[in-house]
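# Structural features, examined
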Amino acid sequence: MTYPYVPRSPHHSRPRRPGLSFAVINGTAFAVHLLLVCSAADFMAAPVQGEVGIGVPALLLQAVLLVWTAARYDRRADESRTGSRHAAHEHGEY
């Protein structure tokens, strides 16, 4: 099944970019982590439990943030792709 071409509305000059928030959040987290590793090495090496320093949980937290924002971005991108198709289909536009 193919969907018809639905032209863009002239009222929207620029489409929303959901990837912008993904890039800003993860870029900021990476920059903060990198800054801490470079400038506060003693702080990042402070032991949390045994030989594990603060840097390891910080890196795991950054990985969780990356996966969470990627899932949100993917879901939002999927909704925007299918949302216009479902709206056109519901209104009987083919």
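Use the structure listed above.
Quick summary incoming for the structure in this document. All chains use their own residue numbering, which begins from 1 and follows the written sequence. At least 70 in pLDDT is required for a residue's local features to be given in this predicted model, at least 80 for side-chain atom pairs to be given and counted, and no such filter applies to totals for whole chains, interfaces and linings, which use all residues. To obtain the side-chain values, all non-hydrogen atoms of the structure were included, while hydrogens and water were left out.

### Quick look at the overall build of the protein chain
Here is the rule: Starting at the N terminus, helices and strands are each numbered in turn, a helix being any DSSP run of H or I of at least four residues and a strand any DSSP run of E of at least two. Each residue is placed in one exposure class: buried if its accessible area under a 1.4 Å probe, protein chains only, is under 20% of its type's maximum, exposed if it is over 50%, and partly exposed if it falls in between. Contacts are assigned to residue pairs that have any heavy atoms within 4.5 Å of one another. All accessible-area figures derive from a Shrake-Rupley calculation using a 1.4 Å probe, and residue coverage is judged against the displayed protein chains alone.
Broken down by element type, the protein chain carries three helices and two strands. Counting every position in the protein chain, which comprises 94 residues, the buried fraction comes to 11%. At a minimum sequence separation of 6, the contacts of the protein chain that also span at least 24 residues come to 58%. When the accessible surface of the protein chain is summed, it comes to about 7,900 Å², and 63% of that surface belongs to carbon and sulfur atoms.

### Here's the deal with a nonpolar patch on the surface
For clarity, the cut-off: For patch building, the residue pool is restricted to those with more than 30% relative accessible area and no salt bridge; the joining distance is 9 Å between like charges and 5 Å between nonpolar side chains (Val, Leu, Ile, Met, Phe, Trp, Tyr). Think of a salt bridge as a Lys or Arg side-chain nitrogen and an Asp or Glu carboxyl oxygen that are within 4 Å of each other.
Where nonpolar side chains cluster on the molecular surface, the patch consists of Val32, Leu36 and Phe43 and spans about 250 Å² of accessible area. Given the relative accessible area of 44%, phenylalanine 43 is considered partly exposed.

### Thoughts on the side chain of threonine 69
For clarity, the cut-off: We call two N or O atoms a polar contact when they sit within 3.5 Å, provided that within protein one can donate a hydrogen and the other can accept it, with sequence-adjacent residues counted only if both atoms are side-chain atoms.
Among the secondary structure elements, threonine 69 is positioned in helix α3 (residues 55-90). According to the relative accessible area criterion, threonine 69 is buried, its value standing at 4%. Engagement of the side chain of threonine 69 in a polar contact is seen with the backbone oxygen of leucine 65, the distance being 2.9 Å. In this structure threonine 69 touches Phe22, Ile25 and Asn26, once residues within four positions along its chain are discounted.

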